[in-house]
Each structure stands twice: as structure tokens, then as C-alpha cells.
Amino acid sequence: MIVQWYPGHMNKARKMMEADMNLVDLVIEILDARVPLASRNPEINKMAKNKMRIVLLNKADLADKAVNDMWKKYFESRGIGVVMINSKNKEGIRNVLPKVKEVCAAKIERDRARGIKNRPIRAMVVGIPNVGKSTFINAFSGKNVAKTGNKPGVTKGKQWIKINNELELLDTPGILWPKFEDQNVGIKLALIGSINDEILQVEELCGNLLVYLYENYPELIKERFDITEDTLKPLEEEQDGYICTKESLLLDAVAKKRGCLKQGGVSDYFRASNVLLEEYRNGKIGRISLERP
């Protein structure tokens, strides 16, 4: 499966962000805590190479807590300020402003030494599609100033949001980059909803997810879908002219558990895949990280 999505508006947004980079002191990059590396846009690193940086690991409540702690140490060891947040319930939001002040302490002191008073820190908020930028801005500002949605491409333009006398945010559209060199990155971004679902081969995508869950979170899918070692017993056997694979056997188990059946009791892999994707994205299976440092 080849995953690639870079509509024309993203290139336009990238050029706009690049031009606006000289207006800000700080770049606040929002990443998905389940895939912190895959959700880091390399284009942002190029644009913001001379700017102070903060990373917000959003949707931390959906990711494995032990792995979250590993990622926090990973970024801090590289000199990057990091805050774990869940924008939907505002968890961790109160820790963002102190982190901004900490990272920008030298700049604040320079301004003070020059007699510059009451000049707010200006920060650009960046991230890939559907990572939760607008939800964060609304939670952080305490008002609904940014349009939100559960699909990529909701934020179309830029806008300035005044948080208080100390900080102003520049909201920007979520953008990807022209080509995923590693297709595993594309698959991870598709799983978290940063790729347009309409272009995906959802059965293959969910087959990949189930194999990962079977190998890394067996207790969660045993509880959720009754998947055990016995589920894979027919592996590599031929049934009705088809060779059983891990992906097909695991998806078959999900289909039967969720009643996704066609006429004659045949498993409907497409329906089962969409059910699985919805349950994964909403944390119904459990706290799952798709990457580790």
C-alpha cells in the first residue's frame, strides 16, 4: 500500500508559513503523542531552524503512558521543551505558558535590558492535519476562536490569537510534506486520521494495525476482540483456494466479534476495518503508542 497525500493548498500554506516565520519568536509544534516522530513535519524543521521551539504531545491520553514518559525524556535530552497535553479535556494546558516563558527566558531578559516592556512573545502554532491544533488553541485561549473538526484540512488560513499580554499565537493550516520517504510514516499518519480516508485501502491499513497490536498489545486485543494465539492457528493453511495470512485471520476475528458479516455469514472486511479504525482512533481499544524512541 502506497500512502501519499499532498493537495495543492498545502504547498500554498507552506509558502505562507515560511514567509511569516520572521514575524515570530517561537514555534510551538503540536505532535500526536501516539506517533511523535511520524507526525513531525521535516519541512517545519527547515523553516524554523533558527527559532526557539516547544513540542506539545497532544492526545497523550490515547498513547501508552510508559511510552509517553520515554518520549518526554527523548525530546528534553535534545534541548526541546515538551509538554504532554490532552486538548479535549484541557489536561496539561496550564503547563504550556510556564514552558513558553522558560524557553523564551533569554529573549524576555534581553527585551527587559533594552527597556522594551509589554512586548508579547509571538508564537506560530504548527502541526500536521488533524493533530489537534485548533482544539489546543481554543482550550489554551479559553474561547472558541479556531474552527475544529475530526478530519484533516479544517483550518484553511492563518489568524492571530491574543492569549494575554504576554503571548500571541499565529494559527496556521495543518500541512504534510510532498513525499513520505518511509511508507511506514504514511501508514501511521493514515491510522491517526491525518490522511484523507477516501484515498486509503482501509482493509490493508487495518491488517497492518492488527499485526502491530497482536505483537505489542496482545492483552488489549484479547480483551476487546477475543484474539488469542489460537486465532492464528490456520496461518499459511489453504482454505477455499486462499492462503490465510496474519492480517486476514486477525481481521476475520474482528469482523466476527463485531457482527460485520455478509450474506451467508461471510466476514465483511471493509466494515470490520472501519469499525476497528474508529475504535482505535477514539481510544476504545486502550492506550496505544505506534512508535517508541
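Higher on the page you've got the structure.
Bear in mind that the values here come from a model prediction, so they are computed numbers and not experimental data.

**Considering the overall build of the protein**
Thought 1: On a plain count of helices and strands, the protein comes out with eleven helices and eight strands.
Thought 2: In terms of overall dimensions, the protein has a C-alpha envelope of 80 × 40 × 35 Å along the principal axes.
Thought 3: Relative to its full complement of 293 residues, the protein shows a buried share of 51%.
Thought 4: Look at the contacts in the protein between residues 6 or more apart in sequence, and 68% of them connect residues 24 or more apart.

**As for the environment of Ser 194**
Thought 1: Relative to the helices and strands, Ser 194 resides in the loop between helix 7 (183–191) and helix 8 (202–216).
Thought 2: Owing to a relative accessible area of 0%, Ser 194 belongs among the buried residues under this scheme.
Thought 3: Spatially, the C-alpha atom of Ser 194 lies 27 Å from that of Lys 162, the residues being 32 residues apart in sequence.
Thought 4: A polar atom in the side chain of Ser 194 sits 2.7 Å from the backbone oxygen of Pro 129.

**Description of the sheet that holds strand 2 (residues 52–58)**
Thought 1: Here we have six strands laid out as an open sheet, ordered 3-2-1-4-6-5, and mixed in their pairing. Whereas interior strands pair on both sides, the edge strands pair on one side only; in this sheet they are strand 3 (81–84) and strand 5 (159–164). Along the sheet, successive strands turn relative to each other by an average axial angle of 25 degrees, direction set aside.
Thought 2: In terms of strand pairing, strand 1 (residues 26–32) meets strand 4 (residues 121–126) through four bridges, oriented parallel. The residue bridging Glu 29 from the neighbouring strand is Val 126, located in strand 4.

**A few points about the state of the cysteines**
Thought 1: In this structure the tally under the stated criterion is zero disulfides.
Thought 2: Between Cys 260, a free cysteine, and Cys 206, which holds the nearest cysteine sulfur, the sulfur-to-sulfur gap is 11 Å.

**Some details on the pairing of strand 2**
Thought 1: Most of strand 2 sits out of view: six of its seven residues are buried.
Thought 2: Here strand 1 pairs with strand 2 via seven bridges, running parallel. For Glu 29, the partnering residue across the bridge sits in strand 2 and is Val 55.
Thought 3: Crossover strand 1 to strand 2 through helix 2 (residues 42–47) is right-handed.
Thought 4: Looking at chain direction, strand 2 and strand 3 are connected through four bridges and run parallel. The residue of strand 3 that forms the bridge with Ile 54 is Gly 81.
Thought 5: Once you follow strand 2 into helix 3 (residues 65–76) and on to strand 3, the crossover reads as right-handed.

**Thoughts on the packing of aromatic side chains**
Thought 1: Counting across every chain of the model gives six aromatic pairs.
Thought 2: Here Phe 136 and Phe 140 contribute two aromatic rings whose centre-to-centre distance is 5.2 Å and whose plane-to-plane angle is 20 degrees, an arrangement assigned as stacked. One end of the pair, Phe 136, and the other, Phe 140, are both in helix 6 (residues 133–141), four residues apart, so they sit about a helical turn from each other.
Thought 3: In this structure Phe 136 comes out as buried when scored by relative accessible area, which is 0%.
Thought 4: By relative accessible area, Phe 140 is classed as buried at 13%.
Thought 5: Cluster of aromatic residues (ring-pair linked, three or more members): Trp 71, Tyr 74 and Phe 75.
Thought 6: If you follow Arg 78 out to its NZ or CZ, it ends over the ring of Tyr 74, 3.8 Å from the centre.
Thought 7: Lying across the ring of Trp 160, Arg 122 places its NZ or CZ 4.2 Å from the centre.

**Some words on the nonpolar core**
For soluble globular proteins, the rule of thumb is that nonpolar side chains tend to be buried together.
Thought 1: Of all hydrophobic cores here, the largest spans 92 residues; its most connected members are Phe 136, Leu 169 and Leu 189.
Thought 2: Here this core gets seven residues from one element, more than from any other, and that element is helix 8.
Thought 3: Excluding residues that lie within four positions of it along the chain, Phe 136 makes contacts with Ile 30, Leu 56, Ile 85, Ser 87, Ile 93, Val 96, Val 125 and Leu 169.

**Notes on the packing of helix 8 against helix 10 (residues 246–258)**
Thought 1: Between helix 8 and helix 10, whose axes approach to 9 Å, the crossing angle comes to 90 degrees. Viewed along their axes, helix 8 and helix 10 adopt a mutual orientation that is roughly perpendicular. Along the contact surface, helix 8 presents Glu 203, Cys 206, Gly 207, Asn 208, Leu 210, Val 211, Tyr 214 and Glu 215, while helix 10 presents Lys 246, Glu 247, Leu 250, Leu 251 and Val 254.
Thought 2: Residues that form the contact of helix 8 with helix 10 fall into these classes: seven nonpolar, two polar and four charged.

Criteria and cut-off values
- Residues numbered from 1 in each chain as written.
- Predicted model: local features only at pLDDT ≥ 70, side-chain atom pairs only at ≥ 80, totals over all residues.
- Heavy atoms only, no water.
- Helix = DSSP H or I, 4+ residues; strand = E, 2+ residues; numbered from the N terminus.
- Buried < 20%, exposed > 50% of the residue type's maximum accessible area, 1.4 Å probe, protein only.
- Contact = heavy atoms within 4.5 Å.
- Polar contact = N/O pair within 3.5 Å; in protein donor to acceptor, adjacent residues only side chain to side chain.
- Pairing = 2+ DSSP bridges.
- Axes fitted to C-alpha atoms, helices over the stretch in contact; angles between N-to-C directions.
- Disulfide = S-S within 2.5 Å.
- Right-handed = clockwise from strand over helix to strand, strands pointing away.
- Phe/Tyr/Trp six-rings, centres within 6.5 Å; stacked < 30°, edge-to-face > 60°.
- Lys NZ or Arg CZ within 6 Å of the ring centre and 35° of its normal.
- Core = buried A, V, L, I, M, F, W, Y, C linked by side-chain atoms within 4.5 Å.
- Parallel < 35°, antiparallel > 145°, perpendicular 65-115°, else oblique.
- Nonpolar A, V, L, I, M, F, W, Y, C, P; charged D, E, K, R; others polar.

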